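# Examination of the molecular architecture
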Amino acid sequence: MPEAPPDDRAALHVENVDVTYGRALSALRSVSLTVPPGGVVALLGANGAGKTTLLRAVSGTLRLHRGAITAGSIRYGSTALDGRDPVRAVRAGVVQVPEGRRVFAALTVEENLRTGGLGLGRRRPAQVQEARDRVFTLFPRLAERPRQAAGLLSGGEQQMLAIGRALMAAPRLLLLDEPSLGLAPLMVDRIAEVVREINTQGTAVLLVEQNAGMALSLADHAHVLEVGETRLAGPAAELARTDAVRRLYLGESADGQEAA
Ligand SMILES: Nc1ncnc2c1ncn2[C@@H]1O[C@H](COP(=O)(O)OP(=O)(O)OP(=O)(O)O)[C@@H](O)[C@H]1O
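Within an unreviewed UniProt entry, the label attached to the protein chain reads ABC transporter ATP-binding protein, and the organism entered is Streptomyces actuosus. Looking at the Sequence similarities (unreviewed entry) heading of the UniProt record, one finds this comment for the protein chain: "Belongs to the ABC transporter superfamily."

Let us now look at the overall build of the protein chain. Each helix and strand in the protein chain was counted, giving 10 helices and 10 strands. Over its C-alpha atoms the protein chain spans a radius of gyration of 18 Å, differing by no more than 12% from the 18 Å that the globule rule assigns to 260 residues. By its C-alpha atoms, the protein chain is 55 × 45 × 35 Å across when sized along the principal axes. Counting all 260 residues of the protein chain, 44% fall into the buried class. If you take every contact in the protein chain between residues at least 6 apart in sequence, the share linking residues at least 24 apart comes to 66%.

In the vicinity of the ligand, 14 residues are found, and the nearest of them are Y21, N47, K51, T52 and T53. Elements that contribute at least two residues to the shell around the ligand include exactly β2 (25-35) and α1 (51-59). Ranked by residue count, the leading element in the shell around the ligand is α1, at three residues. Looking at the shell around the ligand residue by residue, the class counts come to four nonpolar, eight polar and two charged.

Taking strand neighbours across the sheet as the criterion, the six strands line up as β6-β7-β8-β3-β9-β10 in an open arrangement whose pairing is mixed. Because the sheet does not close on itself, it has two edges, and the strands there are β6 (94-97) and β10 (229-235). For this sheet, the mean angle separating the axes of adjacent strands, direction not counted, is 15 degrees. Pairing analysis gives five bridges linking strand β7 (residues 173-177) to strand β8 (residues 204-208), with the strands arranged parallel. Residue L175 lies in a different strand from β8, and its bridge partner there is L206.

With that out of the way, let us pick up the pairing of β2. Pairing geometry for strand β1 (residues 12-21) and β2, over seven bridges, is antiparallel. Its bridge partner being in β2, H13 is matched across the sheet by T34. Following β1, the chain reverses through three residues before pairing antiparallel with β2; G22 in that reversal takes a positive phi of roughly 60 degrees.

Turning our eyes to something else, we now look at the sheet that holds β1. Strand order in the open sheet made by the four strands is β2-β1-β4-β5, with antiparallel pairing throughout. One side of each edge strand has no neighbouring strand; the edge strands of this open sheet are β2 and β5 (79-81). On average, each strand axis in the sheet is inclined to that of its neighbour by 10 degrees, with strand direction left out of account. Bridge count between β1 and strand β4 (residues 67-76): eight bridges; the pairing is antiparallel. Counted as the bridge partner of V19 is I69 from β4.

Attention shifts here to the nonpolar core. A42, V58, L175, L206, L207, A219 and A222 are the most contacted members of the largest nonpolar core, which totals 75 residues. Element by element, the count of residues in this core is highest for helix α6 (residues 155-167), at six residues.

About the cut-offs
- Residues numbered from 1 in each chain as written.
- Predicted model: local features only at pLDDT ≥ 70, side-chain atom pairs only at ≥ 80, totals over all residues.
- UniProt positions renumbered as here; feature names shortened; annotations may be inferred.
- Helix = DSSP H or I, 4+ residues; strand = E, 2+ residues; numbered from the N terminus.
- Rg over C-alpha atoms; globule rule 2.2 N^0.38 Å.
- Buried ≥ 20, exposed ≤ 12 C-beta atoms within 10 Å, placed from the backbone.
- Contact = placed C-beta atoms within 7 Å.
- Near = placed C-beta within 6 Å.
- Nonpolar A, V, L, I, M, F, W, Y, C, P; charged D, E, K, R; others polar.
- Pairing = 2+ DSSP bridges.
- Axes fitted to C-alpha atoms, helices over the stretch in contact; angles between N-to-C directions.
- Core = buried A, V, L, I, M, F, W, Y, C linked by C-beta atoms within 7 Å.

Okay, structure coming up:
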């Protein structure tokens with residue numbers, strides 16, 4: 001039976017999910033969240049809170065890291081996601097951009113992009129061309145250097161390429177892990193603009209970010225994880241006004257000033 005095409009109105013539902021690494025290390029406990037179709041949801045939290053783990057559970061890459069979902073469920077539209085099958089997630093329209101801009105350094109920009117649709121099976125050349133045109137329109141800096149080795153790109157350009165490669169799979173839901181990490185402020189602004197543009201074009205986004213200011217400015221809803229559990233959740237604009245988020249994640253002191 002041919003597979004159903006990805007559903008444009010699908011929502012991601014993570015319900016009471018527990019994740020364990022190896023035999024004992026509990027990384028998430030009873031975490032729930034929803035990303036509505038076309039929505040942007042931010043996931044904040046300190047190092048080790050479990051943000052990347054949640055993205056891995058959704059994208060099906062958890063097993064590659066010796067992790068497993070031990071309770072709860074994840075659904076994207078009508079597709080059940082079990083943390084163990086990245087191809088199933090990609091075919092349903094869910095694609096992750098991993099932390100650390102993992103591009104293939106020895107391959108060119110164009111070759112890296114070509115790896116982006118793998119897992120989707122055979123696609124019409126016109127579909128691939130359309131996806132590539134979209135990436136090059138979004139990232140003119142990549143369009144200017146299609147034959148440059150990815151390892152010679154700047155950090156910001158590599159992040160663009162990592163996002164571009166994910167877009168080659170025409171995702172309905174993009175999972176972004178720390179896209180601003182290690183980038184200069186101007187580049188962070190550019191990445192934020194791009195995320196907004198991708199979302200405006202209809203792709204939902206689940207965004208993990210240490211840069212809480214950026215994440216909250218982009219997101220409709222946000223969740224704060226603390227040591228594997230949800231500490232706060234709600235509309236992004238409301239969370240940005242809470243004392244805890246202002247102090248711990250936006251770098252403000254108790255009197256509302258920016259901390260030195
Ligand atoms: N492959 C793994 N094997 C064992 N433990 C792991 C593995 N990956 C992550 N962990 C542990 O799971 C917990 C959650 O890690 P995770 O990377 O999800 O956090 P994070 O919020 O994304 O942190 P960061 O902001 O530092 O990336 C941590 O205690 C981490 O040490």
